[in-house]
Amino acid sequence: ALPMLAVLLLAAPLCGLVITPRGWCPTPARRSVAPPRCSQGGLDAELSAKEQRVRQLREELAKLQREEAELEEWDDADDELDMNDVFDDLDESDLAELGLKPSDAPATGPSQMSPPLAAVVASPSQSRQCELPPGSIVCVAGCQTPVGRALLQSLAAYVPDRGWTLRALVGASERPPDLAGVKPMPASPAELGEALEGASALVILSEGVVGKGGVCTAEVGQLLAALPPAGLRRLVYVSVHGAERTSQLPYSLQNAFGGKLDRAREAEGEVRLRAVGRIPAVSVVRLGGVKETGGAEVCELAPGDALQGEVSASAVAGLLVQTLTRQETVNATFSAGPTLAVAGGWDDELIKLVGPEIYRRRLGSGLTSGEPLVNWVRTWARERGAIGLTSKVQVQDVPGGAMLRFVKGAAAFDTDFDRVESKDQKWAAASVVDGGRAQTDGAIKIVAETTPYSRVRVVRSEMEDGAQPKEMSEAALLQKLQRDLDKLETERTGKGM
């Protein structure tokens, strides 16, 4: 019986039977699972959904770019601080502390509290307000220093032709200068008002840069508070290198103990604030140090806080005479540094302050021709310069080169990611729109010059009305220009243009 049972158990599955508590039952049929079938309609639906999502993302990106452009316009508007708001926030005691009155509030105009890097081309009437006519009184504070003495000597030789009167503000413990044509005036707090009465120009030599005998930061406020209520045309403040570079070596170390550079920056701000609505021309000159002897008679200049090194006292004196008399220095903040050779003299250095200039390259013998190089600059501006910037630009030919104007509120990014632009399309996108200029927000001018030597210069332009520098676009443009000029000069050295 047992062998028979074993045979039945082995044969049952082959016969489609299975043993259960209820007896022999047929084996359950296995369900076959068919593989999923992809219909053409399903693929089309899936692709359609993806295309719709891509379009939706592009619309969202375009919306974000429009909002970003609007925010930039608001930021630009906020950056133009209205000095009326500043005066509204100060009561009469605060204004008195600053030597101001409520009537000093300007009717309109942006603040001068932030350092202007360059002079803006003034109208003829504004230029006349900044001029020092015959009969002007020029006062020098901090004259018992090497720079002060050199400046007095330079001015003493200069003023007879101008018909100026020269006053030296002297402290109680200081020895009056013995110079023909220089009138010493006591500079104690009680006598400052009389010393500055009728002054047309004031030069303040800060102790931080010219040394002992200069005006310390605590005395700057006293000097400015004693200024006459009207009549002062020019105010020149001599400050120190590093006022805006306190996060960089070696200036961070100089500022670490006592905050010397912080105080210098605060004094510069106080000078600008007190000048609002009262003085048409304010200039801040930054020096790294002064050598009593030696050095060139002309020093290198740069907008803002960009140079380092000592300058001879005679060169500083010559620079301050230029600062008192030149339109390029009006409402400009700039640095002076040593130089081995200045080909164009003061004229070529002061031109850096107009715009201001942000790049200058002296060209080699292979790139000395005039008109061919100008044509190269114009072509480069359209085919290379205007492409790949973070701001959209319009390009226009100008005498000597090309102008790239930044279009206000227009981003340079294309929302059509799949489109490939041809060379002609890129040219057209960068060119001036037919029918007139769009609303612009500053510009960059690239010019090729042959005098005083063959060179290419890049300057900011049309920066009026609160236009903000486009630093990212400028950096990208200058990097490309430097690289392409290197390549061009390598190719054409010895071949001519």
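Going by the structure above, here's the rest.
First, a word on scope: everything that follows refers to the structure included in this document. In this text, all values refer to a predicted model and were calculated from it rather than measured experimentally.

1. Things to note about the overall build of the protein chain
- Along the protein chain, the regular secondary structure elements total 16 helices and 17 strands.
- When contacts within the protein chain are restricted to residue pairs at least 6 apart in sequence, those whose partners lie at least 24 apart make up 71%.
- Of the roughly 26,800 Å² of accessible surface on the protein chain, a fraction of 53% belongs to carbon and sulfur atoms.

2. Focus: helix H6 (residues 146-162)
- For H6, which comprises 17 residues, the first-to-last C-alpha distance of 24 Å matches the rise-based estimate of 24 Å (1.5 Å per residue) to within 8%.
- Where H6 bends most, at Ala156, the angle is about 30°, and the proline Pro160 comes one to four residues later.
- Along H6, the residues that are buried comprise Val147, Gly148, Ala150, Leu151, Leu152, Leu155, Ala156 and Val159.
- A positive phi of about 75° marks Gly163, the residue just after H6.

3. Considering the packing of aromatic side chains
- Inspection of the entire model under this criterion finds one aromatic pair.
- Consider the rings of Trp376 and Trp380, whose centres lie 6.3 Å apart with planes at 20°: the pair is stacked. Taken together, the residues span about one helical turn, with Trp376 and Trp380 both in helix H14 (residues 371-385) at a distance of four residues.
- The exposure class of Trp376 is buried, given its relative accessible area of 18%.
- With relative accessibility at 4%, the residue Trp380 sits in the buried group.
- The lysine or arginine in question, Arg362, covers the ring of Tyr453, its NZ or CZ lying 4.2 Å from the ring centre.
- The ring centre of Tyr453 lies 4.9 Å from the NZ or CZ of Arg455, which sits over that ring.

4. Considerations on the nonpolar core
- Leu155 and Leu320 are the most contacted members of the largest nonpolar core, which has 47 residues in total.
- Here this core gets eight residues from one element, more than from any other, and that element is helix H12 (residues 313-325).
- For Leu155, the contacting residues outside a window of four places in its chain are Val138, Val140, Pro160, Trp164, Leu166, Val321 and Leu324.

5. Overview of unusual backbone geometry
- Here the residue pair Leu249 and Pro250 is connected by a cis peptide bond, since its omega of 0° sits within 30 degrees of zero.
- Within the secondary structure, Pro250 sits in the loop between strand E7 (234-240) and helix H10 (251-256).
- Residue Gly355 is joined to Pro356 through a cis peptide bond whose omega torsion reads 5°.
- Within the fold, Pro356 resides in the loop between helix H13 (345-350) and strand E13 (357-362).
- Although it is not a glycine, Asn331 sits at a positive phi angle of roughly 55°.
- With respect to the helices, strands and loops of the structure, Asn331 is situated in the loop between H12 and strand E12 (333-337).
- The backbone phi angle of Glu462 is positive, close to 55°, even though this residue is not glycine.

6. Some words on the environment of Met463
- Tracing the sequence through the fold places Met463 in the loop between strand E17 (455-461) and helix H16 (471-492).
- In contact with Met463, not counting residues within four places along its chain, are Gly355, Gly442, Ala443, Gln468 and Pro469.

7. What to know about the sheet that holds strand E6 (residues 201-205)
- The mixed open sheet is built from eight strands, whose spatial order is E5-E4-E3-E6-E7-E8-E12-E10. The open sheet has two free edges, formed respectively by strand E5 (182-186) and strand E10 (300-303), since each of these has just one partner strand. Direction aside, the axes of adjacent strands within the sheet are offset by 25° on average.
- Sheet analysis places E10 next to E12, joined by four bridges and oriented antiparallel. Bridge pairing links Pro303 to Phe334 in E12.
- Contacting E7, strand E8 (281-287) and E12, helix H11 (residues 260-275) crosses the sheet at an angle of about 170° to E7.

Rules used throughout
- Residues numbered from 1 in each chain as written.
- Predicted model: local features only at pLDDT ≥ 70, side-chain atom pairs only at ≥ 80, totals over all residues.
- Heavy atoms only, no water.
- Helix = DSSP H or I, 4+ residues; strand = E, 2+ residues; numbered from the N terminus.
- Contact = heavy atoms within 4.5 Å.
- Areas by Shrake-Rupley, 256 points an atom, 1.4 Å probe, with all protein chains shown as cover.
- Expected span 1.5 Å × (residues − 1).
- Bend = angle between axes of the 7 residues up to and from the residue.
- Buried < 20%, exposed > 50% of the residue type's maximum accessible area, 1.4 Å probe, protein only.
- Phe/Tyr/Trp six-rings, centres within 6.5 Å; stacked < 30°, edge-to-face > 60°.
- Lys NZ or Arg CZ within 6 Å of the ring centre and 35° of its normal.
- Core = buried A, V, L, I, M, F, W, Y, C linked by side-chain atoms within 4.5 Å.
- Pairing = 2+ DSSP bridges.
- Axes fitted to C-alpha atoms, helices over the stretch in contact; angles between N-to-C directions.

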